Amino acid sequence: MWETERTMASLMAENEALRQHVLKLEESLIMQQQKEDYLKQELAFLQQIMDQVPLLLWQSDFHGKVVFCNKNWLDLVGLEKDNVLSGKWKEVIHPEDWTNFKRIYQDAARFQIPFTREYRLRDPQGQYRWMLDRAQPVLNSEGKFQGYIGASCDITEHKDKDQKLQVNEKKYRELFQQSSSGIILHQTTNNSSFEFIEMNDQVYKMLGYTREELMKTDFSNICCDSSKVKEIVCELMSDGYSSEEILLETYLSAKSGRHIPVEIRFKNFAVYDQQYILWIIRDISQRKKIEEWFRQSELRYRKLFKFCPEALFVVDEEKILLVNKAAAELLGAKKTDELIGKASWEFVHPDYYAFCMNSINLMKKERRNVPPMEEKFIRLDGSLVDVEVTGTYIYYEEKMSYLFIARDITDRKKLDKLKYEVDESNRRLIEAVEYDKLKSEFFANISHELKTPLNVILGAVQLQEFYLDKDKELLLENTPRNIKMIKQNSYRLIRLVNNLIDITKIDCGYMQMKLKKEDMVTIVRNITNSVQDYAGLKGIDIECHISIPEKRMSCDADHIERILLNLISNAIKFTDKGGKIDVSLSEDQVEGCIVLAVRDTGIGISQDKQEIIFERFRQVDKSLSRNQEGSGIGLSIVKALVEMHGGSVGVKSEYGKGSIFTVKLPIRHEEESQDESLEESGWSNQIERINIEFSDIYF
């Protein structure tokens, strides 16, 4: 029993010990779970912090495999975490950067040192962005290398700015080197020495030095005015000086020993509290040559102006600015100073004020030169002098002014007057000789024109007397023919006398017009029809072409008939048998006139004779043995009558091919003349007018 009790007690003790062990184990498990929960909380908190940090964080193992990356890194590349951990992150690295990306990691891992690298990473939109990685090696408690932990930074904007800066630097450096002027960058120091930090190629070309030689050379040995340059540099270095540039003209000594005239512009500026002076050096050798040329040219022109034999005046719109010696002599001044400052109008004759004003306006507004014109100047003593003046606009003392050139033409005027008087005397002498010749020809022609019909009339009368005394039968047989001859030659005499009377009336102004409203179509058609029989006797065909149905206008019907009859009679007279005459009437609405034309196929008129046929007493054939009769005043009367109507007459002809006479009469509608007795007509009826007008034509 006691054995049983001991056994039970032993079992109970073992059971208690076991229970206590289980309790301790359970407590240990609870504590382990609490630690794990705490670690999970800490890890979650750390994960949350790393996702919130505005950095791209990542971690890799010994082999370079990514084992961690934060949310910002995932968002940048647009990948899921599992894809990154599985190695797909390599696909977003730019192919051109992958080799260098991997090499930098491997080289750093080999020595377990920190590294930085730049590469391009593709974002979700497919655009590559520049990234900068900075990584630190991770070691365990035993100091064994475990991998890297790093941070990535997006440096795309920085790279863009860097690239732009590089482009700008290249551009400005190229501009710096390609400048046609020499450029020197001078860094200011406390002392007054010239410490040049940069020069462009133009400086070396200008002076003939290499860069190394020029950088070692004391610039004071090159500049011929080094003291002035040092003074300018000290002035620019002073605290109170403004940023305005300073200009200096001096000479620089080239390596060859030649002195080069230059213009140096000094400009100070500051970069990060460091003061610099920019020198811009321009070779002005060509400008100096031009300036010297201009100086010599100005000297020559001053001498030319001073000693020019023509009078020269430089004026503005109010006063005289400059004159030469010849101008002073022209106006009667002893010195040029007596004229300078005086009003220019004091020396211009009042009759020529308007001309002078127009000349100035022409030069001022239109920038045109004034052509030579004659006028009169008033000298200081009040006398007048004839001058020929021309002008142009110039700039004098930076103001627009006017240069007038005057020439004394007093002697020329006297010579011109004498020449005119001689020419006038010669002209009158020639006219007198011509008039005397014309008068002789006229009287010879008139004598012939009077003598011929009188001889015919006398011969016919003598035949009649002969037949009356000897043979009555012959008297009866020849009387009609003789009467016709007497009548035709009487008409010739009447025509000649009437023409002489009319030409005298025209000269004296006594020829009057009886204006009435007449139909020109009817007048032209009736006259043309009336002369067709006369033309037919000579074997000539006359046609009439009228392009207007009716045209009533103010005119003198007798004068119109006489004009047309004269033109037709001339056409018949100088057209051979089988020829053709065309009379036309039309209207020119543009000129406001009617056009009457008589065209024939006659012998025509040579070009040199066409200008004189309308002159009085002129004939193409002046000989007394000519084929056709005429006094030479018919066409002159035609011209006078046409001009009395305000019209014109002309001729176009080619020798051997015919002529066309054209009369243009303005269409007028004036009041009719009331006084019918202004002029007594020399015509009894139209038939008689035709007989008289055609009296010198033998059919």
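Scoring rules and cut-offs
Residues numbered from 1 in each chain as written. Predicted model: local features only at pLDDT ≥ 70, side-chain atom pairs only at ≥ 80, totals over all residues. Heavy atoms only, no water. UniProt positions renumbered as here; feature names shortened; annotations may be inferred. Salt bridge = Lys/Arg side-chain N within 4 Å of Asp/Glu carboxyl O. Helix = DSSP H or I, 4+ residues; strand = E, 2+ residues; numbered from the N terminus. Buried < 20%, exposed > 50% of the residue type's maximum accessible area, 1.4 Å probe, protein only. Phe/Tyr/Trp six-rings, centres within 6.5 Å; stacked < 30°, edge-to-face > 60°. 1 Å grid on protein atoms, 1.4 Å probe; cavity = no way out; pocket = protein on both sides within 12 Å on 5 of 7 lines; lining within 4 Å. Points joined across faces, edges and corners; volume = space filled by probe spheres on them. Nonpolar A, V, L, I, M, F, W, Y, C, P; charged D, E, K, R; others polar. Pairing = 2+ DSSP bridges. Axes fitted to C-alpha atoms, helices over the stretch in contact; angles between N-to-C directions. Patch = residues over 30% accessible without salt bridge, like charges linked within 9 Å, V, L, I, M, F, W, Y side chains within 5 Å. Areas by Shrake-Rupley, 256 points an atom, 1.4 Å probe, with all protein chains shown as cover.

Identification of the protein as histidine kinase from Geosporobacter subterraneus DSM 17957 is taken from an unreviewed UniProt entry. Listed under Catalytic activity (unreviewed entry) in UniProt, the entry text for the protein is "ATP + protein L-histidine = ADP + protein N-phospho-L-histidine." One UniProt comment on the protein, placed under Subcellular location (unreviewed entry), says "Cell membrane".

K.L.:
Before we move on, could you go through the pattern of salt bridges and cite the residues and values that matter?
P.N.:
Within the structure shown, the criterion is met by 35 salt bridges. In this structure, Glu263 and Arg287 form a salt bridge, with 3.2 Å as the shortest nitrogen-oxygen distance. In this pair, Glu263 is assigned in strand E9 (residues 259-271) and Arg287 in helix H9 (residues 285-307), connecting sequence segments 24 residues apart. Measuring nitrogen to oxygen at the nearest pair gives 3.4 Å for the salt bridge that ties Glu424 to Arg428. With a gap of 4 residues between them, Glu424 and Arg428 both fall in helix H12 (residues 410-470), about one helical turn apart. Classification of Glu424 as buried rests on a relative accessible area of 16%.

K.L.:
An account of the packing of aromatic side chains is needed here, citing residue identities and associated values.
P.N.:
Tallying each qualifying case throughout the model produces 15 aromatic pairs. Judged by centre distance (4.7 Å) and plane angle (80 degrees), the rings of Phe101 and Tyr119 are edge-to-face. Here Tyr119 lies in strand E3 (residues 115-122) and Phe101 lies in helix H4 (residues 95-111), a separation of 18 residues in the sequence. The exposure classification of Phe101 matches that of Tyr119, with both residues buried.

K.L.:
So what's going on with the layout of surface pockets? Which residues, and what values?
P.N.:
Size it by volume and the second largest pocket reaches roughly 530 Å³. In terms of lining, the second largest pocket is formed by 18 residues, of which the most central are Tyr301, Arg302, Phe305, Leu322 and Tyr396. Sorting the residues of the lining of the second largest pocket by element identifies H9, strand E11 (311-315), strand E12 (320-323) and strand E14 (384-396) as the ones contributing at least two each. Tallying contributions element by element places H9 first for the lining of the second largest pocket, with 7 residues. Looking at the lining of the second largest pocket, its residues break down into 12 nonpolar, 2 polar and 4 charged.

K.L.:
Explain the sheet that holds E14 residue by residue, including any values.
P.N.:
Strands sit in the order E12-E11-E15-E14-E13 across an open sheet of 5 strands; the sheet is antiparallel. Each edge of the open sheet carries a strand with a single partner, namely E12 and strand E13 (370-378). Shown here is a sheet whose adjacent strand axes are inclined to one another by a mean of 35 degrees, direction ignored. As paired elements, E11 and E12 share 3 bridges and run antiparallel to each other. Bridged to Val315 within E12 is Ile320.

K.L.:
Outline a nonpolar patch on the surface, supporting the account with residue identities and numerical values.
P.N.:
A cluster of nonpolar side chains, Phe269, Val271 and Tyr272, forms an exposed patch at the surface whose accessible area comes to about 350 Å². Mapped onto the secondary structure, Tyr272 falls in the loop between E9 and strand E10 (274-283).

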